[in-house]
Amino acid sequence: MSAVYSRTWYDDTCVSQSWQSSLVIQNKNFDFCIVGGGLAGLSCAYHLAEMGASVALCEHSMIGSGASGRNGGFCSAGWAAGSDQISRLVGPVVSKELASIGADGLKWMRARAFSAKYAKVQPISGIISLGLRGYRPEINARLDETELKEFVVGPRYKWGKIDNEAFHFHPLNFLKIFSQEVVGHGVKVFENTGAVQVSGTEVCFSNGNRISAERMIWATGGYSIGKNSILKKFLLPIQTFICVTSPMPTILERHIPTKMALGDDRRAGNYFRRLPDDRLLWGMGVSALTQRSVDSIKRMGWKNIKAHLPAMVEEMKRDNIKFDYAWSGLMAYASHFMPYVGKLSDRESILCGFGGHGMNTALIAGKRMALFLSGDPNILDPFLEIPRRNIFGLIGRLGAEFEYRRLSAIDYISETCGL
Ligand SMILES: Cc1cc2nc3c(=O)[nH]c(=O)nc-3n(C[C@H](O)[C@H](O)[C@H](O)COP(=O)(O)OP(=O)(O)OC[C@H]3O[C@@H](n4cnc5c(N)ncnc54)[C@H](O)[C@@H]3O)c2cc1C
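Engineer: Requested: an account of the packing of helix 4 (residues 92-113) against helix 11 (residues 358-373), with residues and values cited.
Structural biologist: One way to put it is that helix 4 packs onto helix 11 with a least axis distance of 8 Å and a crossing angle of 100°. With respect to each other, helix 4 and helix 11 are oriented roughly perpendicular. Residues I101, G102, D104, G105, L106, W108 and M109 of helix 4 form the contact with helix 11, whose own contacting residues are M359, N360, T361, L363 and I364. Of the residues that constitute the contact of helix 4 with helix 11, the class distribution is seven nonpolar, four polar and one charged.

This is how it looks when you write it as structure tokens:
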């Protein structure tokens, strides 16, 4: 089985769903049909229903089975593209607006994640950015190499910077609890129901059922891009990988003695965090081409951790610590790393392309899409400045793979030469 669908640590530790998936009622009329039960689709559905609309949401598999329920669980401000990149793309004024929208997304997520109702999300404040290269004058308020050892003990890490507003959490539990709120608002959620065709107001599902909806919103993430003739022009499905060790409290206490999450500053970076049951979650790598098996992700994990925390790997071997889980997930990426949030036609809208930074952005873009569809004409203006760029099919995939390898090589050279 492809690791894109393999069982995750989140699946084995999630709360049970407290609502039942709806059964499709033939020819039922809705104001909106949202395709995709990730954070983007759920947020849009929630906010539309809150404003009184009748909403159907169809999910090909189960709520949270896409990237939103199998990701690293890091939530911070910002977008998949860096601020300089965004400024070059849309100019400094819109770039500032987008930064503020991303920050609003973090605030919204934080308020929910740290509330009593979301206790099972087990949020922990603090994400440390780790510098692998030498001194960077533009980074203020840094931990130096000695101070950093209180948080992580690895020969490659040169400095750190703590973001206390950011947090990490159990993303699948978040989706399970959020979907309960969505259903509570009256949204009809159809699981195991893929949307396969749209003709006028009619939406045909993979199970043969149909509904009618005035407007459609495609919030399908990286999962069915190839099957949608419009989305595949602008977005690439990109895989990324995670593995999780067996519990190792003593080893973690010695080598990663913090409950905060950590991520390095490589162009194609690694990120890791201690899970509540004392396992290590390690995320790494991307690919536009290769489908990896669970075993090959575990091998990649060993190699990767050994390169950064060699002493810890020795102790893991000594204590027979294994990877109990390994999986991948698909993200949707545009060539400029920014999402597409806007109309495709009078009836259809797009809400996709959050890349590897969706936990704040998918949520807030979903909310803004709902406000737009409910009659706020200017709320999506900053997103409309993001140009739609063709990714040219296989050429785009090959280009993305080449770019990732090029960036990895630059990382390797700059780290080993101390640049
Ligand atoms: C392994 C991994 C680690 C990541 N780590 C982080 C992280 O730590 N922090 C962070 O901010 N971001 C992270 N990301 C990115 C983040 O998870 C995504 O940007 C975000 O979840 C995108 O949300 P979404 O709703 O657009 O897509 P998804 O969550 O993928 O949801 C799309 C849903 O649409 C469904 N679907 C697709 N086609 C159809 C169809 N035709 N009919 C019905 N349903 C359909 C899919 O089954 C899927 O459930 C990570 C991603 C991955 C894969």
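Engineer: I'd love a proper account of the sheet that holds strand 4 (residues 124-131), names of residues and values included.
Structural biologist: Remark on secondary structure: sheet strands pair via backbone hydrogen bonds, oriented parallel or antiparallel. Taken in spatial order, the eight strands of this open sheet run 3-5-4-11-12-13-10-14, and their pairing is mixed. With partners counted over all chains shown, the strands left at the sheet margins are strand 3 (74-75) and strand 14 (323-333), one partner each. Sheet topology note: the strand 10 (residues 236-245)/strand 14 ladder contains ten bridges and is antiparallel. The partner of T240 across the bridge, within strand 14, is G329.

Engineer: Describe the pairing of strand 2 (residues 55-58), naming the residues involved and giving the relevant values.
Structural biologist: As a general feature of sheets, a regular strand has side chains that alternate between the two faces. Judged by which residues are buried, strand 2 turns out to be covered on both faces: V55 and L57 on one side and A56 and C58 on the other are all buried. Here strand 1 (residues 28-35) pairs with strand 2 via four bridges, running parallel. Bridge assignment links V35 to a residue of strand 2, and that residue is C58. Read from strand 1 through helix 2 (residues 39-50) to strand 2, the crossover connection turns out right-handed. Bridging between strand 2 and strand 6 (residues 188-190) involves three bridges; their strand directions are parallel. When the sheet's bridge partners are listed, C58 is paired in strand 6 with F190.

Engineer: If you had to explain the pairing of strand 7 (residues 195-199) to someone new, which residues and values would you point to?
Structural biologist: Pairing analysis gives four bridges linking strand 7 to strand 8 (residues 202-205), with the strands arranged antiparallel. The residue of strand 8 that forms the bridge with S199 is E202. Counting the residues that bridge the hairpin from strand 7 to strand 8 gives two residues, and of these G200 lies at a positive phi of roughly 60°.

Engineer: Could you give me a rundown of the site of the ligand, with the residues and numbers involved?
Structural biologist: The environment of the ligand is formed by 43 residues, the closest being G38, G66, G221, G329 and G358. Among the elements of the structure, helix 2, strand 3, strand 10, strand 14 and helix 11 are those that each provide at least two residues to the shell around the ligand. Among the residues forming the shell around the ligand, the class breakdown is 17 nonpolar, 24 polar and two charged.

Procedures and definitions
- Residues numbered from 1 in each chain as written.
- Predicted model: local features only at pLDDT ≥ 70, side-chain atom pairs only at ≥ 80, totals over all residues.
- Axes fitted to C-alpha atoms, helices over the stretch in contact; angles between N-to-C directions.
- Helix = DSSP H or I, 4+ residues; strand = E, 2+ residues; numbered from the N terminus.
- Parallel < 35°, antiparallel > 145°, perpendicular 65-115°, else oblique.
- Contact = placed C-beta atoms within 7 Å.
- Nonpolar A, V, L, I, M, F, W, Y, C, P; charged D, E, K, R; others polar.
- Pairing = 2+ DSSP bridges.
- Buried ≥ 20, exposed ≤ 12 C-beta atoms within 10 Å, placed from the backbone.
- Right-handed = clockwise from strand over helix to strand, strands pointing away.
- Near = placed C-beta within 6 Å.

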